[in-house]
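Observations on the model geometry
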Amino acid sequence: MKISKMVSDIPASPTLSITAKVGALKAQGQDVIGFSAGEPDFDTPEHIKEAAIKALRQGKTKYTPAGGTIELKEAICSRTRNDYKLDVGPDNVIISCGAKHSLFNLCLTIFEPGDEVICICPYWVSYPPIIKIAGATPVIIDTTTTDFRLYADQVKEAITKRTKGIIINSPSNPTGMMYGKDELEKIAEICLENDITIISDDIYQKLVFDGASFFSIAALSPEVAEKTFIIHGVSKTYAMTGWRIGYCIGNPEAIKAMTRLQSQSTSNPTSIAQEASMAALTSDQSLAEAMRKTFEGRRNIMVSKLKEIPGLDIIEPDGTFYCFPSIKGLMDRFDGANTFANFLLDNALVAVVPGEGFGSKEHIRVSFATSEDNIIKGLERIKQALT
Ligand SMILES: Cc1ncc(COP(=O)(O)O)c(C=O)c1O
């Protein structure tokens, strides 16, 4: 079968591939410790599941408007007004089958061949492929040499006449880094000057540590908000990765066009999942906060244990559920993160995600979306395997 050039060029998501490999090994009875998960290990809170069951019983099992129900859009607006102090209405919102789908719709709607879109490396694995599917070219800013900090000067240098967009992901998958308000201000100014659309992927908004407050570039000023699309969803905050509900907030004209695209592809995201997401967004947030707190405790353990492993170098993540240690100190033994990750799976039965998919062969992503016991046991195994 001839496969189109566009699809032939798309790599499978490396994070999902590793997770599948770990699942297969576990099914064979192998005692694998998985540090590869890109999702909370908690179950979806009971009241959210109950909302879905209620929706089923009430017969909310039909098509909804292609861009999502007005009720869920209102709930998203209310949360956004509260969290971002942004004045948004339902016309600013599209609900899709996950944040990834919203981002996909957005890139196909606003970028085209010849456009350049800036991504900050280490980047989430799906940014470059999605930009390429839209026919545009990803332009990479490397922050592995600046301790994952992003400076406005780096953005300035990356801009050409073709630059149409920049994707900001703070806190970041895979580094856990949060960008400061001062630097975001300078970056936003550069974007306004150069007519560059900002995509702010805020999916980890609620997973920040050490009492820090999350700050989105979209919240800087009405002018910046107008140039920004927020990508968000319920997956990470409410342990709802399988429900597939994400959303995009931004310019109404673009949202309308994205909705047309969605109406000719997936149509609406699942009606029952939309009802469950409404419960997630509008109910008491204490369960989400409890999960965040647990992640923070695990982050502390993981960082301190990683520091004990010779050859690894770790910058403490400000948020998310990932550490992204450097393996530079081991490069005399391994020619890159892929080889190292395979070594760990074969010799320590520990699964990590190699950094290549995030743009760095000198790092691995180690997820702490697993129990404290697993963290301690898994990192001990890595230490043993290396000595
Ligand atoms: C940075 C980032 N953006 C978006 C997504 C997509 O999330 P969703 O499950 O809502 O599609 C992920 C998931 O891993 C992510 O890490």
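Residues numbered from 1 in each chain as written. Predicted model: local features only at pLDDT ≥ 70, side-chain atom pairs only at ≥ 80, totals over all residues. Heavy atoms only, no water.

Before going further, it helps to examine the overall build of the chain. Tallying secondary structure elements over the chain gives 14 helices and 12 strands in all. Computed over the C-alpha atoms, the radius of gyration of the chain is 21 Å, within 12% of the 21 Å expected from 2.2 N^0.38 for a compact globule of 387 residues. Expressed as lengths along the three principal axes of its C-alpha atoms, the size of the chain is roughly 60 × 55 × 55 Å. Of all 387 residues assigned to the chain, the portion counted as buried reaches 55%. Of the contacts made within the chain by residues no fewer than 6 positions apart, 74% connect residues no fewer than 24 positions apart. Across the chain, the centroid of the 41 positively charged side chains sits 5 Å from that of the 47 negatively charged ones. (Helix = DSSP H or I, 4+ residues; strand = E, 2+ residues; numbered from the N terminus. Rg over C-alpha atoms; globule rule 2.2 N^0.38 Å. Buried < 20%, exposed > 50% of the residue type's maximum accessible area, 1.4 Å probe, protein only. Contact = heavy atoms within 4.5 Å. Lys, Arg positive; Asp, Glu negative; His and termini not counted. Charge placed at Lys NZ, Arg CZ, Asp CG, Glu CD.)

To continue, consider the pairing of strand β6 (residues 197–201). With 5 of 5 residues buried, β6 is to be regarded as a mostly interior element. On β6, burial covers both faces: Thr-197, Ile-199 and Asp-201 on one face and Ile-198 and Ser-200 on the other are all buried. Bridge count between strand β5 (residues 163–169) and β6: 5 bridges; the pairing is parallel. Looking across to β6, one finds that Gly-165 is bridged to Thr-197. This β-α-β element, β5 to helix α8 (residues 181–193) to β6, shows right-handed connectivity. In this sheet, strand β7 (residues 228–233) lies alongside β6 in parallel orientation, the contact comprising 4 bridges. Considered in β7, the bridge of Ile-199 is made with Phe-229. (Pairing = 2+ DSSP bridges. Right-handed = clockwise from strand over helix to strand, strands pointing away.)

Attention shifts here to helix α4 (residues 70–84). Taking 1.5 Å per residue, 15 residues should reach 21 Å; α4 reaches 20 Å between its end C-alpha atoms and fits that length. The inward-facing, buried residues of α4 contact β2 (93–96), β7, β8 (246–249) and α11 (271–282). Just beyond α4, the residue with positive phi is Lys-85, at close to 55°. (Expected span 1.5 Å × (residues − 1).)

Quick look at the side chain of Ser-200 now. Checked against the element boundaries, Ser-200 lands in strand β6. Judged by its relative accessible area of 2%, Ser-200 is buried. Of the polar contacts made by the side chain of Ser-200, one reaches the side chain of Asp-202; its length is 2.7 Å. With residues up to four places along the chain from it excluded, the contact list for Ser-200 reads Ile-168, Ser-216, Ile-217, Thr-228, Phe-229, Ile-230 and Ile-231. (Polar contact = N/O pair within 3.5 Å; in protein donor to acceptor, adjacent residues only side chain to side chain.)

With that settled, the discussion passes to the packing of α4 against α11. As a packed pair, α4 and α11 sit with axes 9 Å apart at the nearest point and diverge in direction by 25°. On the basis of their axis angle, the class for α4 and α11 is roughly parallel. In this structure, α4 crosses over α11, and the sense of that crossing is left-handed. When α4 is examined against α11, the residues Glu-71, Leu-72, Ala-75, Ile-76 and Arg-79 are found in contact with a partner set consisting of Gln-274, Ser-277, Met-278, Leu-281 and Thr-282. For the contact of α4 with α11, the per-class residue count stands at 5 nonpolar, 3 polar and 2 charged. (Axes fitted to C-alpha atoms, helices over the stretch in contact; angles between N-to-C directions. Parallel < 35°, antiparallel > 145°, perpendicular 65-115°, else oblique. Left-handed = near helix turned anticlockwise from the far one by under 90°. Nonpolar A, V, L, I, M, F, W, Y, C, P; charged D, E, K, R; others polar.)

Moving on to the sheet that holds β2. Sheet architecture is open: 7 strands sit in the order β2-β8-β7-β6-β5-β3-β4, paired in mixed fashion. A single partner strand is all that each edge strand has here, and the edge strands are β2 and β4 (137–142). Neighbouring strand axes in the sheet, compared pairwise and without regard to direction, differ in orientation by 20° on average. Relative to β5, strand β3 (residues 116–121) runs parallel, the two being bridged by 4 bridges. Considered in β5, the bridge of Glu-116 is made with Thr-163. Packing of α4 onto the sheet brings it into contact with β2, β7 and β8, and relative to β2 it is tilted by some 115°. Against the sheet, α8 touches β5 and β6, its axis set at about 160° to β5.

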